[in-house]
Amino acid sequence: MKTTHRATFGGRLSAVLVTAGSAVGLGNIWRFPYVAGENGGAAFLLIYILSVLIMGVPIMLAEFAIGRNTRSNAVGAFRKLSPRWTILGYNSVVAPLLIMGFYLVVSGWTMEYMIHSITGDFTHVHTADEYAALFSAFTQNPWRPALYTVIFTLLTHGVIALGVQKGIERSSRIMMPLLLVILVVLAIHSMLLPNGWEGVRFLFTPDFSKVTASTFLTALGQAFFSLSIGLGCLVTYASYFKEDTNITHTALQVASIDTLVAVLAGIVIFPAVFSVGIEPTAGPSLVFVTLPAIFNTLPLSMVWSTIFFLLLVIAALTSTISLHEVLTAYVHEEWHLSRRTSAWIVTAACILLGIAASLSLGAWKWLQIGGISFFDLLDFVTANILLPAAGFFVCIFVGWVLDRRFMPQELTNKGTIPLRLWPLLRLLLRWVCPLLMLLIFMDNIGII
Ligand code: PFF
């Protein structure tokens, strides 16, 4: 059943960097800090790390196994293993398309902010209120955010068009190390700010009084989104892994990098927030309003804000590439079109959705359902319904439907490397993860 002409990633490092590129994104740098800020800082971080270990790594392993075993796009992978479960593959390609709709818009904002930082446009804006007004004027502008959405999509397209090795692999090998260097520089700079240690303490001294049941569910949901679970990305990327890639090591390394980046992003943001005496619970606007206002108070503000938004652009780009690749691989292999045509079809679809999502925040206010804008709807449907549903069914599929030997075979590369902690992993995949997923799902749709 195996297609032999499929591309593979060069070495072990590539598998890790490319997959980490998908995982590390706006979820880590934009979303994690404000969610942690709203949920008590360090206590949230602890629960988050537990979620990554208990749920993230096992489901990531399951998706890696499915992808590498079948060497197919997400739909083909599930079909090959069990035709009745093909629908799970369809869920894994519909979700990335919908995610692209709003993710590309926010990615476009990061690019616009990077350019404003470079040109020094922010130097006349001073207070947080002025930045807030600027941000809402910008997101509601009839054409600018839409234009940047298109530019970002075309940038993503450019990488995809170069192919799996020359595009995806090579770009990740450059962008991921660069991203880590920028993060470390920014983190050190933040810690050295006056009062910066307050922010570090906030992130590392747990205060459990803020923890409620919903904190656990928020942490699980965040871990899920951040690790790119349930969207076909891990399945698709693993389909390019080599036969001898150790998927357990890869999953642990990717999860560690992803968590490290989220923590470092916290170290960049919280000390800055504390140094100017702002509350750390500013919410989604933390990165687009609070932070630029803080940068403006610093010497060399243009430089710091340019570097910070460049960081966001890189993080977003490696993730949009992975989302695009899920769709391109699907169209290419399932519709039997050339990779080039497939990539253009996906790009066109993303541009249409992205423009609609972007405009739904401003000029096309009518584009809403039940008072929720199309932009928020895409976010809501994917994060709260499609993703947890996929996570749940992947566990059921691997834990209960597939042959018992499927996972051990993949984890040991057909018996060539030792199998460790299998009883624990099996327990997590069969019982713990699905039950947790069910909980998240019921919470998300408001049943509990
Ligand atoms: N993991 C990415 C982030 O944290 O921003 C977002 C993402 C990318 C989610 C790719 C899902 C995905 F398939």
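This write-up is about the structure you can find in this document.

Thresholds applied
Residues numbered from 1 in each chain as written. Predicted model: local features only at pLDDT ≥ 70, side-chain atom pairs only at ≥ 80, totals over all residues. Heavy atoms only, no water. Phe/Tyr/Trp six-rings, centres within 6.5 Å; stacked < 30°, edge-to-face > 60°. Helix = DSSP H or I, 4+ residues; strand = E, 2+ residues; numbered from the N terminus. Buried < 20%, exposed > 50% of the residue type's maximum accessible area, 1.4 Å probe, protein only. Lys NZ or Arg CZ within 6 Å of the ring centre and 35° of its normal. Expected span 1.5 Å × (residues − 1). Bend = angle between axes of the 7 residues up to and from the residue. 1 Å grid on protein atoms, 1.4 Å probe; cavity = no way out; pocket = protein on both sides within 12 Å on 5 of 7 lines; lining within 4 Å. Points joined across faces, edges and corners; volume = space filled by probe spheres on them. Nonpolar A, V, L, I, M, F, W, Y, C, P; charged D, E, K, R; others polar. Near = heavy atom within 4 Å. Polar contact = N/O pair within 3.5 Å; in protein donor to acceptor, adjacent residues only side chain to side chain. Sits in = over half its atoms within 2 Å of the grid points. Core = buried A, V, L, I, M, F, W, Y, C linked by side-chain atoms within 4.5 Å. Contact = heavy atoms within 4.5 Å. Salt bridge = Lys/Arg side-chain N within 4 Å of Asp/Glu carboxyl O. Patch = residues over 30% accessible without salt bridge, like charges linked within 9 Å, V, L, I, M, F, W, Y side chains within 5 Å. Areas by Shrake-Rupley, 256 points an atom, 1.4 Å probe, with all protein chains shown as cover.

1. Side note on the packing of aromatic side chains
Logical step 1: Enumeration over the complete set of coordinates arrives at 33 aromatic pairs.
Logical step 2: Ring geometry for tryptophan 109 versus phenylalanine 288: centroids 5.6 Å apart, planes at 90 degrees, classification edge-to-face. Of this pair, tryptophan 109 sits in helix 5 (residues 86–119) while phenylalanine 288 sits in the loop between helix 12 (247–275) and helix 13 (290–295), and the two are 179 residues apart along the sequence. The same class applies to tryptophan 109 and to phenylalanine 288, which are both buried.
Logical step 3: Here a set of aromatic residues connected by ring pairs shows up, and it is made of Phe102, Trp109, Tyr113, Phe122, Tyr131, Phe135, Phe138, Phe288, Phe295, Phe308, Phe309 and Phe375.
Logical step 4: The ring of tryptophan 400 has arginine 430 lying over it, and the distance from NZ or CZ to the ring centre is 3.7 Å.

2. Comments concerning helix 3 (residues 42–70)
Logical step 1: When the terminal C-alpha atoms of helix 3 are compared, their 40 Å separation across 29 residues agrees well with the 42 Å that a helix rising 1.5 Å per residue should span.
Logical step 2: The largest bend in helix 3 comes to about 35 degrees, at valine 52.
Logical step 3: The element helix 3 is largely enclosed, with a buried count of 23 among its 29 residues.
Logical step 4: Positioned one or two residues after helix 3, arginine 71 has a phi angle of 50 degrees, which is positive.

3. Considering empty space enclosed by the protein
Logical step 1: Going through the model one piece at a time under the given rule, you end up with four cavities of 30 Å³ or more.
Logical step 2: Empty space within the largest cavity amounts to approximately 120 Å³.
Logical step 3: Contributing to the lining of the largest cavity are 16 residues, with Ser22, Tyr103, Phe225, Ser228 and Ser319 lying nearest its centre.
Logical step 4: Listing elements by their share of the lining of the largest cavity, those giving two or more residues are helix 1 (12–23), helix 2 (26–38), helix 5, helix 10 (213–226) and helix 14 (301–334).
Logical step 5: Per-class residue counts for the lining of the largest cavity are eight nonpolar, eight polar and no charged.
Logical step 6: Roughly 70 Å³ of volume is contained in the second largest cavity.

4. Regarding the site of the ligand
Logical step 1: Around the ligand, a shell composed of 15 residues is seen, among which Ala23, Gly27, Tyr103, Leu231 and Cys233 lie nearest.
Logical step 2: Interatomic distance of 3.2 Å between a backbone N/O atom of serine 22 and a nitrogen atom of the ligand.
Logical step 3: One nitrogen or oxygen atom from the main chain of leucine 26 is found 3.0 Å from an oxygen atom belonging to the ligand.
Logical step 4: Among the cavities detected, the one that contains the ligand is the largest cavity.
Logical step 5: Within the residue set of the shell around the ligand, elements represented by two or more residues are helix 1, helix 2, helix 10 and helix 14.
Logical step 6: The residue inventory of the shell around the ligand, partitioned by class, reads seven nonpolar, eight polar and no charged.

5. A few points about the nonpolar core
Logical step 1: Ranked by internal contacts, the top residues of the largest apolar core, which has 156 residues, are Ile59, Trp109, Phe288, Phe308, Val398 and Met407.
Logical step 2: In contact with phenylalanine 308, not counting residues within four places along its chain, are Ile29, Leu186, Val268, Ile269, Val287, Leu291 and Phe295.

6. What about the pattern of salt bridges?
Logical step 1: One pass over the structure, following the stated rule, counts nine salt bridges.
Logical step 2: The partner of glutamate 325 in a salt bridge is arginine 339, and the shortest N-O contact between them spans 2.7 Å. Of this pair, glutamate 325 sits in helix 14 while arginine 339 is found in helix 15 (residues 339–359), placing the two residues 14 residues apart along the sequence.

7. What to know about a nonpolar patch on the surface
Logical step 1: Nonpolar side chains collect at one region of the surface, where Trp400, Val401, Leu421, Leu424, Leu427, Trp431, Leu435 and Leu438 lie side by side and expose about 790 Å² of accessible area between them.
Logical step 2: If you tally residues by element for the nonpolar patch, the top one is helix 18 (residues 422–444), at five residues.
Logical step 3: According to the relative accessible area criterion, tryptophan 431 is partly exposed, its value standing at 48%.

8. A look at unusual backbone geometry
Logical step 1: Positive phi, close to 60 degrees, is recorded for lysine 414, a residue that is not glycine.
Logical step 2: Mapping lysine 414 onto the fold places it in the loop between helix 17 (406–411) and helix 18.
Logical step 3: Of note in the backbone geometry, leucine 421 takes a positive phi value of approximately 55 degrees without being a glycine.
Logical step 4: Relative to the assigned elements, leucine 421 resides in the loop between helix 17 and helix 18.

9. What to know about the side chain of serine 301
Logical step 1: Mapping serine 301 onto the fold places it in helix 14.
Logical step 2: Residue serine 301 is classed as buried on the basis of its relative accessible area, which comes to 15%.
Logical step 3: With residues near it in sequence (within four places) discarded, serine 301 still touches Phe295 and Asn296.

10. Let's talk about the layout of surface pockets
Logical step 1: Taken as a whole, the largest pocket spans an internal volume of roughly 750 Å³.
Logical step 2: Of all the secondary-structure elements, those providing two or more residues to the lining of the largest pocket are helix 2, helix 5, helix 10, helix 16 (374–401) and helix 18.
Logical step 3: Of the residues forming the lining of the largest pocket, the biggest block, eight residues, is contributed by helix 16.
Logical step 4: Residues that form the lining of the largest pocket fall into these classes: 22 nonpolar, seven polar and five charged.
Logical step 5: There is about 450 Å³ of room inside the second largest pocket.
Logical step 6: Lining of the second largest pocket is provided by 19 residues; of these, Leu61, Thr248, Leu252, Arg420 and Leu421 occupy positions nearest its centre.
Logical step 7: Secondary structure elements with two or more residues in the lining of the second largest pocket: helix 3, helix 12 and helix 18.
Logical step 8: A per-element tally of the lining of the second largest pocket places helix 3 first, with five residues.
Logical step 9: When the residues that make up the lining of the second largest pocket are grouped by side-chain class, the tally is 15 nonpolar, three polar and one charged.

11. Quick word on the environment of serine 305
Logical step 1: As for its position among the elements, serine 305 is in helix 14.
Logical step 2: With a relative accessible area of 5%, serine 305 lands in the buried category.
Logical step 3: Separated by 192 residues in sequence, serine 305 and tyrosine 113 place their C-alpha atoms 8.6 Å apart.
Logical step 4: Setting aside chain neighbours within four positions, we find serine 305 in contact with Ser117, Phe122 and Phe295.

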